[in-house]
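Residues per chain, in single letters:
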Amino acid sequence: MNDVLDVALRLIVVFVAFLVLPLVVGQTEHKVMAHMQGRLGPMYAGGFHGWAQLVADGVKFAQKEDIVPADADRRIFQLAPAVALLPYLLVLLAIPIGPSEGAVGQVVDAGIFFVLAVMGVGVLGSLMAGWASANKFSLLGGLRTAAQLLAYELPMLLAAASVAMAAGTVSLPGIIDAFEWWWVPWQIVGALVFFVAGLAELQRPPFDMPVADSEIIFGAYTEYTGLRFALFLLAEYAGIVVLCGLTTVLFLGGWHGPWGADGLGWVWTLLKTAVLAFVVIWLRVTYPRLREDQLQKLSWTLLVPLALAQIALTGIVKVAINQ
Amino acid sequence: MTESLPPTRPRIPGAGLAKGLAVTLRTMTRKTVTEQYPDVQPELPPRTRGVIGLFEENCTVCMLCARECPDWCIYIDSHKETVPAAVEGGRERSRNVLDRFAIDFALCMYCGICIEVCPFDALFWSPEFEYAETDIHELTHERDRLREWMWTVPAPPALDPAAEEPKELAAARKAADKLAAAQAAAAEEPTPGEPTPGESTPGEPTPGEEGPA
C-alpha cells in the first residue's frame, strides 16, 4: 500500500512540475522577450503584469474547434501531439533535482541512454504531424525536422558520452555524485555542443527552420488548431525545461553549489535550470533564424568535430588522472 | 576596392554573436517605450495635431480657411448685418455674422492649412484626439463643439533660448529705443558744445534707426 502511495505521489509531483514549469518558462519568455525589445509584454490577463496570460491562452485554445483536414491521415494526425509531448514527461521523471531518494521521479540505471532515446522520440511527433497533414508546408516542415534530428542527435549523443566517460557511469545521479567543480572547464566544449544541439532538436530559434513561418507557414503544425496545437507548443516549452535540466545535471553539477549543500541541493538545480532557460530565451531574441544549409553545416562541420575533440580530451585527462 | 579599405582589426570568432547578446541584454535593463494608452494618457507636445478648435469671437467670416481647405471639409454660413452709425451723421456699416461653422473631421486630413491661413487667429490646434464616433455624421463638429475645443488648446511653447526675438517684440523694442534716444537728445539740447559719446547730429539718423519702426 505504501509503495503504491509513494509511486502515486511521485507521479503526481512530476506531472504537476510538467504542467507548471513550461508555463513559467513561457511566461518568462513573454516578459523577457518583450523587455529585450523595449516593450512591456502582456499586462492585462490576471491583473498583475499579465501573469495569467498563458492560462488565458490555454482557455482560448480549449474553446477552439478541433479540425482534422479531409485528406489527412486521421489517426496519425490526432496522435501526433501526444507523441510530441509525452516523451518530455518521461524524461522529466528521470531527472534528479536533489541528492536524496525522494528528489527524483524514478532512478534509471542507464539514465543517459533512457533520456536521450526518449527525447529523440519527441521529434517523431513533428514527423508524424508533417506526414499526416496532407499539406505541402507540413511535409516540408516534417522533412526539415527529420534532417535536423539526424544532424543534431549525433553531437548531442557524443557530448553526453563525454560526460559519461568522465564519470564512469551512465546513471544521472551517479554522474552528479562524481561531479567535481573543475569538470565545468574540462567539459565546457561538450556542454556548449550539448546545449546548442538540444536547442536545434527543440527547434528553438535560431534553429527553427522546421517551423519557419515566413517560409513554410508553421511547418508540421500548419494544419493544427485548438488544443492539439497548444499541446505542440507545450511540448516545445516542456522541451526547454527538460533540456535545461539535463544540461544542469550533466555539465553543471546539478545540486552541487558553493554553499547550502544539505537539504537545499534542489534549489541549486532549479536555479541553474532557470538560468539556462533564460539563456534559451535570450538566444531566441538575439539571433535571426539560420538557413537550412547553414544549419546542416553548423552541425556537421563544427559541432560534431568539437564533440569528438571533447571526447578525446576527456579520455586523455581521464587516463592521466587514473595513473 | 578592398585595398583602399582601412585595415580591420583581427576578428575574434564569435565577437559578433557576443555583441548581439549584449545589445538585447542592455535593452532589457532600459525603460520600455510602450505607451499604456487607455490606462495612462499620453504626454503630447503642445503643437500636436489632435483636433481643430474655433475661437469664433475672432472669426470675421472671411472664408479663407474654407477656400484653402484641400478637401473642402469646412462649412461656413453667414449673413450681413447693418450696424447703425456710431456718431451722429455718420455712415452705416455692415458686418458679417457667423451662422454656421463646421469642420467634417471625417474628411479633414489634418494638414493645418486653415490654421495657417487664418489672418485673425480664430483657428487653433488642440492635442485632444479622443473623439471617435460610431456614426460618421457625428464627426462633423458644429460651431459650439469647435468652440469647446478651444478650452483644450495649450499655451504656445516657449521659444528656443537661441531663437530670434518675436517680430512684435522686436518692433516694440525698436520704437522704445528710438523714443529714448530722442528724449536723451532733447535733454542734452540746451548745453551745446559738450560732445557726448553716442550723441547724433540732429537730422542724421543713426545706423540701425533708418526706416519706420
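Throughout, residues of each chain are indexed from 1 in the direction in which the sequence is written. The naming scheme follows written order: chains are lettered A onward, ligands numbered 1 onward. Restriction of local features to residues with pLDDT of at least 70 applies here, the model being predicted, together with a cutoff of 80 or more for giving and counting side-chain atom pairs; totals for whole chains, interfaces and linings are based on all residues. To get the side-chain values, take all heavy atoms of the structure and skip hydrogens and water.

Draft legend 1. View of the overall build of chain B. Helix and strand assignments come from DSSP, with helices taken as H or I runs of at least 4 residues and strands as E runs of at least 2, each series counted from the N terminus. Looking only at helices and strands, chain B has five helices and five strands in total. Along chain B, helices (α) and strands (β) appear in the sequence α-β-α-β-β-α-β-β-α-α when read from the amino end. Across the 213 residues that make up chain B, the buried fraction comes to 19%. To measure how exposed things are, a 1.4 Å probe is used in the Shrake-Rupley method; for residues, cover is taken only from the protein chains shown. Summing over all exposed atoms, chain B offers an accessible surface of approximately 16,200 Å²; the carbon and sulfur share of this is 58%. Exposure categories follow from relative accessible area, calculated using a 1.4 Å probe and restricted to protein chains: below 20% of the type maximum is buried, above 50% is exposed, and the middle band is partly exposed.

Draft legend 2. Inspection of the UniProt feature "transmembrane region" (unreviewed entry) in chain A at higher detail. Residue and element names in this part refer to chain A. UniProt positions are given in the numbering used here, feature names are shortened, and annotations may be inferred rather than shown by experiment. In this structure's numbering, the residues bearing the UniProt feature "transmembrane region" (unreviewed entry) are residues 7-26, 79-98, 110-133, 154-176, 182-200, 229-253, 265-286 and 298-321. Along residues 110-133, the helical share is 92% and the strand share 0%, with 36 Å between the first and last C-alpha atoms. Helix and strand shares over residues 154-176 are 83% and 0% respectively, and the end C-alpha atoms of the span are 23 Å apart.

Draft legend 3. Inspection of the side chain of Thr248 of chain A at higher detail. All names here are of chain A. Topologically, Thr248 is positioned in helix α10 (residues 226-251). For Thr248, a relative accessible area of 0% puts it in the buried group. Contact definition: two residues touch when any of their heavy atoms are within 4.5 Å. With near-sequence residues (within four places) excluded, Thr248 lies in contact with Gly253, Gly254, Thr269, Lys272, Thr273 and Leu276.

Draft legend 4. Summary view of empty space enclosed by the protein. All names here are of chain B. Here a cavity denotes a set of grid points, spaced 1 Å apart and computed over the protein atoms alone, in which a 1.4 Å probe fits but from which it cannot get out, and a pocket denotes an open set meeting protein on both sides within 12 Å along at least five of seven lines; residues with an atom within 4 Å of a point are reported as lining. Grid points are joined across faces, edges and corners, and a volume is the space filled by probe spheres set on the points. Per the stated rule, a full pass over the model turns up two cavities of 30 Å³ or more. The volume enclosed by the largest cavity comes to roughly 90 Å³. Surrounding the largest cavity, 14 residues form its lining, Cys59, Cys62, Cys65, Phe101 and Cys118 being those nearest its centre. Looking at the lining of the largest cavity residue by residue, the classes come out as 13 nonpolar, one polar and no charged. The volume enclosed by the second largest cavity comes to roughly 70 Å³. Forming the boundary of the second largest cavity are 13 residues, of which Cys69, Cys73, Cys108, Cys111 and Cys114 lie nearest the centre. Under the convention adopted here, Pro, Cys and the residues Ala, Val, Leu, Ile, Met, Phe, Trp and Tyr are nonpolar, Asp, Glu, Lys and Arg are charged, and Gly plus all remaining residues are polar. Class assignment of the residues belonging to the lining of the second largest cavity gives a composition of 11 nonpolar, one polar and one charged.

Draft legend 5. View of the layout of surface pockets. Residues and elements named next belong to chain A. Size it by volume and the largest pocket reaches roughly 940 Å³. Around the largest pocket sit 42 residues that line it, and Phe232, Leu233, Leu234, Glu236 and Tyr237 are the ones nearest its centre. Where the lining of the largest pocket is concerned, the elements lending two or more residues are α1 (2-36), α2 (53-63), α3 (74-94), α4 (111-132), α8 (188-202) and α10. The element that contributes the greatest number of residues to the lining of the largest pocket is α10, accounting for 10 residues. Of the residues belonging to the lining of the largest pocket, the class tally is 25 nonpolar, seven polar and 10 charged. A volume near 780 Å³ is recorded for the second largest pocket.

Draft legend 6. Quick look at the UniProt feature "binding site: [4Fe-4S] cluster 1" (unreviewed entry) in chain B. All names here are of chain B. As annotated by UniProt and renumbered to match this structure, "binding site: [4Fe-4S] cluster 1" (unreviewed entry) occupies Cys59, Cys62, Cys65 and Cys118. Across 60 residues in sequence, these annotated residues keep their C-alpha atoms within 10.5 Å of one another, forming a single compact spot. Of the annotated positions named here, the largest cavity is lined by Cys59, Cys62, Cys65 and Cys118. For Cys62, the position within the fold is in the loop between β1 (51-54) and α2 (64-68). Positionally, Cys65 belongs in helix α2.

Draft legend 7. Just the packing of α10 of chain A against helix α11 (residues 265-286) of chain A, in detail. Residues and elements named next belong to chain A. It is the contact of α10 with α11, at a shortest axis distance of 8 Å, that shows an interaxial angle of 125 degrees. With respect to α11, the element α10 is oriented oblique. In the packing of α10 onto α11, the handedness of the crossing is right-handed. Residues Tyr237, Ile240, Val241, Cys244, Gly245, Thr247 and Thr248 of α10 form the contact with α11, whose own contacting residues are Thr269, Lys272, Thr273, Leu276, Ala277, Val280 and Arg284. To obtain an axis, a line is fitted to C-alpha atoms, over the contacting stretch when the element is a helix, and the angle between two such axes runs from 0 to 180 degrees between their N-to-C directions. Roughly parallel here means an angle under 35 degrees, roughly antiparallel means over 145, roughly perpendicular means 65 to 115, and every remaining angle is called oblique. Should the near helix be turned anticlockwise from the far one by less than a right angle, the crossing is left-handed, and should it be turned clockwise, the crossing is right-handed.

Draft legend 8. Up close: unusual backbone geometry. Following Pro205 of chain A, the chain continues into Pro206 of chain A via a peptide bond in cis, with omega recorded as 5 degrees. Relative to the helices and strands, Pro206 of chain A is located in the loop between α8 and α9 (213-216). Even without being a glycine, Ile217 of chain A presents a positive backbone phi close to 60 degrees. Relative to the elements of secondary structure, Ile217 of chain A occurs in the loop between α9 and α10. Using a relative accessible area of 42% as the deciding quantity, one classes Ile217 of chain A as partly exposed. Residues other than glycine seldom take positive phi values, yet Met63 of chain B does so here, at roughly 70 degrees. Note that Met63 of chain B resides in the loop between β1 and α2.

Draft legend 9. Looking closely at the interface of chain A and chain B. Contact residues are listed per partner, giving 15 residues for chain A and 14 residues for chain B. Two parts lose some accessible area (1.4 Å probe) when they are put together, and adding that loss for both gives the buried area. The contact between chain A and chain B buries some 1,200 Å² in all, and 67% of this surface belongs to carbon and sulfur atoms. When the area that chain A buries against chain B is broken down by residue, the three leading residues are Leu40, Trp282 and Tyr287 of chain A, summing to 37%. Any Lys or Arg side-chain nitrogen located within 4 Å of an Asp or Glu carboxyl oxygen qualifies as a salt bridge. Linking chain A with chain B are zero salt bridges. Any N or O atom pair separated by 3.5 Å or less is treated as a polar contact, with the protein-specific requirement of one donor-capable and one acceptor-capable atom, and with residues adjacent in sequence counted only for side-chain atom pairs. Applying the counting criterion to the chain A and chain B interface returns seven residue pairs in polar contact (both at pLDDT 80 or more). With five residues, the single largest contributor to the side of chain A that touches chain B is α11 of chain A.

Draft legend 10. A look at the UniProt feature "binding site: [4Fe-4S] cluster 2" (unreviewed entry) in chain B. Residue and element names in this part refer to chain B. Annotation from UniProt places "binding site: [4Fe-4S] cluster 2" (unreviewed entry) at Cys69, Cys108, Cys111 and Cys114. In terms of the greatest pairwise C-alpha distance, the residues named above, spread along 46 residues, form a tight cluster of at most 10.5 Å across. The annotated residues named above include Cys69, Cys108, Cys111 and Cys114 as those lining the second largest cavity. Examined against the element boundaries, Cys111 turns out to sit in the loop between β3 (93-104) and α3 (113-117). Not counting chain neighbours up to four residues away, the residues in contact with Cys111 comprise Arg49, Pro70 and Trp125. With respect to the helices and strands, Cys114 occurs in helix α3.

Draft legend 11. Up close: the packing of α4 of chain A against α10 of chain A. Residue and element names in this part refer to chain A. Taken N-terminus to C-terminus, the directions of α4 and α10 make an angle of 160 degrees; their axes are 12 Å apart at the nearest point. What the angle tells us is that α4 and α10 run roughly antiparallel. For the crossing formed where α4 meets α10, the hand is left-handed. Here Ile112, Val115, Met119, Gly125 and Ala129 of α4 lie close against α10, whose contacting residues are Phe232, Val242, Leu246 and Leu250.

Draft legend 12. Just α4 of chain A, in detail. With 22 residues, α4 of chain A extends 32 Å between its outermost C-alpha atoms, agreeing within 8% with the 32 Å of an ideal straight helix rising 1.5 Å per residue. Where α4 of chain A terminates, the next one or two residues include Ala134 of chain A, which has phi positive at roughly 55 degrees. In this analysis, the expected span of each helix is defined as 1.5 Å times one less than the number of residues it contains.

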